[in-house]
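Okay, here's what each chain looks like letter by letter:
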Amino acid sequence: MRCPFCHHPDSRVIDSREVEDGQTIRRRRSCPECARRFTTVEEAILAVVKRSGVTEPFSRNKVVDGVRRACQGRPVDEDLLAVLAQQVEDSIRAVGAAEVPSQEIGLAILGPLRDLDEVAYLRFASVYRAFSSADDFMAEIESLRTDHPRQINGPPESGFDAADTGPPGAADAHDSGPPTERDPVSVG
């Protein structure tokens, strides 16, 4: 490593430490020529190979932007998008390859997005998997129903949940039984 002060072509490593769960290495160096010390940070670059063959560095911001478009109009918090992007990066880095096809990144997005918001998942999957008909949507919806029956199908027919003791909204914190003289019931 070239010294940033005297531009000597070599330096000696004094100390090395892992940062960000081992994703980055911070090295303290000393120049043998001018004896000054400096710090370098080394990070393994994750490269994305696009369909066109062009290679570019992985960007969490690009993941967030793509997912944000799928979530447009949906009640999804920006913090959750950042968490999703981190999950995607972690799963891609876990593969251990220096270059990853963009197709793999899309696949890595689908799982966490499915858990985050099913409508956004369908939007993203329809573009990513190039749905060509309503049958493609129906097959994906059926897959969602199989994996998450309660979320897609809604509440059971009766409107009661096993944990409920009455119809929804029947038990408020201040209700302790039938109305009393102090707790009048309004009719009408």
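Now for a quick tour of the structure. As the structure is a computational prediction, the values presented were derived from the model and not from experiment. (Residues numbered from 1 in each chain as written. Predicted model: local features only at pLDDT ≥ 70, side-chain atom pairs only at ≥ 80, totals over all residues. Heavy atoms only, no water.)

With that out of the way, let us pick up the pattern of salt bridges. Oppositely charged side chains can pair when the atoms bearing their charge come close. A full pass over the atoms with the stated rule returns ten salt bridges. R27 serves as the salt-bridge partner of E42, at 2.8 Å between the closest nitrogen and oxygen. Taken together, the residues E42 in strand β3 (residues 37-43) and R27 in strand β2 (residues 24-30) connect sequence positions 15 residues apart. The class for E42 is partly exposed, based on a relative accessible area of 33%. Across the salt bridge formed by E78 and R68, the nearest N and O atoms sit 2.8 Å from each other. Taken together, the positions of E78 in helix α2 (residues 78-95) and R68 in helix α1 (residues 60-70) put the pair ten residues apart, joining distant regions of the chain. For E78, a relative accessible area of 41% corresponds to the partly exposed category. Salt bridges linked by common partners bring R27, R29 and E42 together as one network. (Salt bridge = Lys/Arg side-chain N within 4 Å of Asp/Glu carboxyl O. Helix = DSSP H or I, 4+ residues; strand = E, 2+ residues; numbered from the N terminus. Buried < 20%, exposed > 50% of the residue type's maximum accessible area, 1.4 Å probe, protein only.)

Before going further, it helps to examine the packing of helix α4 (residues 118-128) against helix α5 (residues 134-147). The angle between the axes and the distance between the axes are what describe a pair of packed helices. Viewed as axis vectors pointing N to C, α4 and α5 meet at an angle of 140°, and their least axial separation amounts to 11 Å. Compared by their axis directions, α4 and α5 come out oblique. The element α4 and its partner α5 pack so that their crossing is right-handed. Across the interface between the two elements, E118, Y121, L122 and S126 from α4 touch F137, E140, I141 and L144 from α5. Split by residue class, the contact of α4 with α5 holds five nonpolar, one polar and two charged. (Axes fitted to C-alpha atoms, helices over the stretch in contact; angles between N-to-C directions. Parallel < 35°, antiparallel > 145°, perpendicular 65-115°, else oblique. Left-handed = near helix turned anticlockwise from the far one by under 90°. Contact = heavy atoms within 4.5 Å. Nonpolar A, V, L, I, M, F, W, Y, C, P; charged D, E, K, R; others polar.)

A few words now on the packing of α1 against α2. In the contact formed by α1 and α2, the axes pass within 9 Å of each other and the chain directions differ by 125°. Classified by the angle their axes make, α1 and α2 are oblique. Handedness of the crossing formed by α1 with α2: right-handed. Contacts between α1 and α2 involve R60, V63, V64, V67 and R68 on the former and, on the latter, E78, L81, A82, L84, A85, Q86, V88 and E89. Its residues assigned to classes, the contact of α1 with α2 shows eight nonpolar, one polar and four charged.

Here we take up a positive patch on the surface. On the surface, R12, R26, R28 and R37 cluster together into a patch of positive charge. Checked against the element boundaries, R37 lands in strand β3. (Patch = residues over 30% accessible without salt bridge, like charges linked within 9 Å, V, L, I, M, F, W, Y side chains within 5 Å. Areas by Shrake-Rupley, 256 points an atom, 1.4 Å probe, with all protein chains shown as cover. Lys, Arg positive; Asp, Glu negative; His and termini not counted. Charge placed at Lys NZ, Arg CZ, Asp CG, Glu CD.)

Enumeration over the complete set of coordinates arrives at zero disulfides. Here C3 stays free of any disulfide, with the sulfur of C31 as its closest cysteine sulfur at 3.8 Å. According to the relative accessible area criterion, C3 is buried, its value standing at 1%. Summary of cysteine pairing: C6 is not part of a disulfide, and the nearest cysteine sulfur, belonging to C31, is at 3.5 Å. You can call C6 partly exposed: its relative accessible area is 31%. (Disulfide = S-S within 2.5 Å.)

Counting 28 residues, the largest nonpolar core has V63, V67, V88, I105, I109 and L113 as the members making the most contacts within it. Where this core is concerned, the elements lending two or more residues are α1, α2, α3 (102-116) and α4. Examining the composition of this core, we find that six residues originate from one element, α4, more than from any other. If sequence neighbours within four positions are ignored, V88 has contacts with V63, I105, A108 and I109. (Core = buried A, V, L, I, M, F, W, Y, C linked by side-chain atoms within 4.5 Å.)

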